[in-house]
Amino acid sequence: MKYLYGIDVGGTTVKLGLFSEDGKLMEKWEIPTRKEENGKNILTDIAASVKDNIAAHNISKEDLAGAGVGVPGAVLEFTKVNECVNLGWGSVNVGKELSAMLDCPVKVINDANAAALGELWTGAAADYSNAVMVTLGTGVGGGIIVDGKIIDGSRGYGGEIGHMTVDPADDRVCNCGKTGCLELYASATGIVYETKKALKETSEATALKDMEDITAKDIFDLAKEGDAFAMEQVDHLGQKLALAFGNIALMVDPEVFVIGGGVSRAGQILLDAIKKYYSTYTFGKVQDGKFVIATLGNDAGIFGAASLVLS
């Protein structure tokens, strides 16, 4: 049996997983992401942790198929990271450096693309070869898969769904430097921002007015309970997501949209809000789009990174 390692590098922790080649997660663990000194320790820390695990399981060089790594940035040729601001990295050939440390093949990919591949390998999109993954969390990420392959583009920026323009009239500036981005409305922080803005402008009765620290979960929970104002906010969110998804669908015609990230825990109410508007922004058979909630949770990144080794 061959073994694979899946590694998901985040700004706070690095998640690692040991997998069998049939997609079974055998063990997972985390180490801190040491970002000081421009993240110079991150790759050596990862290598040391993986080597410890190899020794603990007595895995021979012949049985180690390789490792895949997901990073929060654009990746070229499955190895080079041009810039990773969250980690303090400039230009780093992650694949080459880590491969030399571990003495095995290493492939690298954007973290959102890794999550998409994870859901395609053993998660919510396992029955499909054309899928779009959208993660709604602190930000909005995404990955587009066509015929089983990630569309990452000529510079590694393919699938930046969170930075699609969904409101050109809004002059609020996103973290990316442009305005009108989906992330400003559909991230957890964006949902709360839009709701608080609407609260200031409404005389409508809502339990949200009695809350000091509103969260996206609060908004969805009240909407499920029938709070009319909260339901309106979910409706607005569904419209923005449907606009983005409709545009994507008319470019790549996926079989399924997989929605992950913390916001996806809202479940069916979120899917229903998207479906309500989706046909408005599509036509023909594309209007039959399928929407599902991701199933791998925070492990999607390590699953997808590991699956890279097999591709």
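Everything that follows concerns the structure shown earlier in this document.
Rules of the game
Residues numbered from 1 in each chain as written. Predicted model: local features only at pLDDT ≥ 70, side-chain atom pairs only at ≥ 80, totals over all residues. Heavy atoms only, no water. Helix = DSSP H or I, 4+ residues; strand = E, 2+ residues; numbered from the N terminus. Rg over C-alpha atoms; globule rule 2.2 N^0.38 Å. Contact = heavy atoms within 4.5 Å. Areas by Shrake-Rupley, 256 points an atom, 1.4 Å probe, with all protein chains shown as cover. Lys, Arg positive; Asp, Glu negative; His and termini not counted. Charge placed at Lys NZ, Arg CZ, Asp CG, Glu CD. Pairing = 2+ DSSP bridges. Axes fitted to C-alpha atoms, helices over the stretch in contact; angles between N-to-C directions. Buried < 20%, exposed > 50% of the residue type's maximum accessible area, 1.4 Å probe, protein only. Patch = residues over 30% accessible without salt bridge, like charges linked within 9 Å, V, L, I, M, F, W, Y side chains within 5 Å. Salt bridge = Lys/Arg side-chain N within 4 Å of Asp/Glu carboxyl O. Phe/Tyr/Trp six-rings, centres within 6.5 Å; stacked < 30°, edge-to-face > 60°. Polar contact = N/O pair within 3.5 Å; in protein donor to acceptor, adjacent residues only side chain to side chain.

Okay, the overall build of the protein next. Along the protein, the regular secondary structure elements total 10 helices and 13 strands. Relative to a compact globule of 311 residues, whose C-alpha radius of gyration would be 19 Å, the protein shows 20 Å and is just as compact. Its C-alpha atoms give the protein principal-axis dimensions of roughly 65 × 45 × 35 Å. Summarising the internal contacts of the protein: among those between residues at least 6 apart in sequence, 60% fall at separations of at least 24. Here the protein displays about 14,300 Å² of accessible surface, and carbon together with sulfur accounts for 50% of that area. If the 28 positive side-chain charges of the protein are averaged to one point and the 42 negative ones to another, these points end up 3 Å apart.

Ordered by their spatial adjacency, 5 strands build an open sheet running β3-β2-β1-β4-β8, and the pairing between neighbours is mixed. Edge positions in the sheet fall to β3 (25–32) and β8 (106–110), since each has one partner strand and no second. Each neighbouring strand pair of the sheet contributes to a mean axis angle of 20°, computed without reference to strand direction. Note: strand β2 (residues 13–20) against β3, 7 bridges, orientation antiparallel. Looking at β3, one finds that glycine 17 is bridged to lysine 28. Here helix α4 (residues 111–122) sits on the sheet and contacts β1 (3–9), β2, β4 (64–71) and β8; the angle it forms with β8, its principal contact strand, is near 105°.

Moving on, we get to the pairing of strand β10 (residues 140–146). The element β10 is extensively covered by neighbouring structure, given that 6 of its 7 residues are classed as buried. Relative to β10, strand β9 (residues 131–136) runs antiparallel, the two sharing 6 bridges. Bridge pairing in β10 links valine 134 to glycine 142. The antiparallel hairpin formed by β9 and β10 contains 3 residues in its connecting segment. Bridge count between β10 and strand β11 (residues 149–150): 2 bridges; the pairing is antiparallel.

Okay, the environment of isoleucine 144 next. Among the structural elements, isoleucine 144 can be located in strand β10. Among the residues examined, isoleucine 144 registers a relative accessible area of 11% and is labelled buried. In this structure the C-alpha to C-alpha distance between isoleucine 144 and alanine 188, which are 44 residues apart in sequence, comes to 21 Å. For isoleucine 144, the contacting residues outside a window of four places in its chain are Asn113, Ala131, Val132, Lys149, Ile150, Ile151, Gly159, Ile161, Ile248 and Val252.

The subject of this paragraph is helix α9 (residues 268–278). Counting along an α-helix, one turn takes 3.6 residues, and residues three or four places apart therefore face a common direction. Along α9, the residues classified as buried are Ile269, Leu270, Leu271, Ala273, Ile274, Tyr277 and Tyr278. Taken together, the buried residues of α9 touch β9, α7 (216–224), α8 (228–252), β12 (256–260) and β13 (290–293).

It is worth spelling out a nonpolar patch on the surface at this point. Among the surface-exposed residues, Leu250, Met251 and Phe283 lie close enough to one another that they form a single nonpolar patch of about 360 Å² accessible area. Note on placement: methionine 251 falls in helix α8.

With that settled, consider the sheet that holds strand β7 (residues 92–93). Spatially, β5-β6-β7 is the arrangement adopted by the 3 strands of the open sheet, whose pairing is antiparallel. Each edge of the open sheet carries a strand with a single partner, namely β5 (75–76) and β7.

Inspection of every chain in the model, using the stated rule, returns 9 aromatic pairs. Their ring planes at 70° and their centres at 6.3 Å tell us that tryptophan 121 and phenylalanine 303 sit as a pair that is edge-to-face. Of the two residues, tryptophan 121 is situated in helix α4 and phenylalanine 303 in helix α10 (residues 300–308); the sequence distance between them amounts to 182 residues. For tryptophan 121, a relative accessible area of 22% puts it in the partly exposed group.

Turning our attention to the environment of lysine 35. Inspection of the secondary structure puts lysine 35 in the loop between β3 and α1 (36–39). Sequence-wise, lysine 35 and glycine 17 are 18 residues apart; in three dimensions their C-alpha atoms are separated by 21 Å. Excluding residues within four positions of it along the chain, lysine 35 makes contact with Gly11, Asn86 and Leu87. Here the side chain of lysine 35 touches glycine 11 through a polar contact of 3.2 Å, landing on its backbone oxygen.

What follows is about the pattern of salt bridges. All chains considered together, the criterion is met by 11 salt bridges. Of the charged contacts in the structure, one is a salt bridge between aspartate 103 and lysine 61, with a shortest N-O distance of 3.0 Å. Remark: lysine 61 occurs in the loop between α2 (42–56) and β4 and aspartate 103 occurs in the loop between α3 (94–102) and β8; sequence separation between them is 42 residues. Using a relative accessible area of 47% as the deciding quantity, one classes aspartate 103 as partly exposed. Residue aspartate 235 pairs with lysine 276 through a salt bridge whose shortest N-O separation is 2.7 Å. You can see aspartate 235 sitting in helix α8 and its partner lysine 276 sitting in helix α9, a full 41 residues away along the chain.

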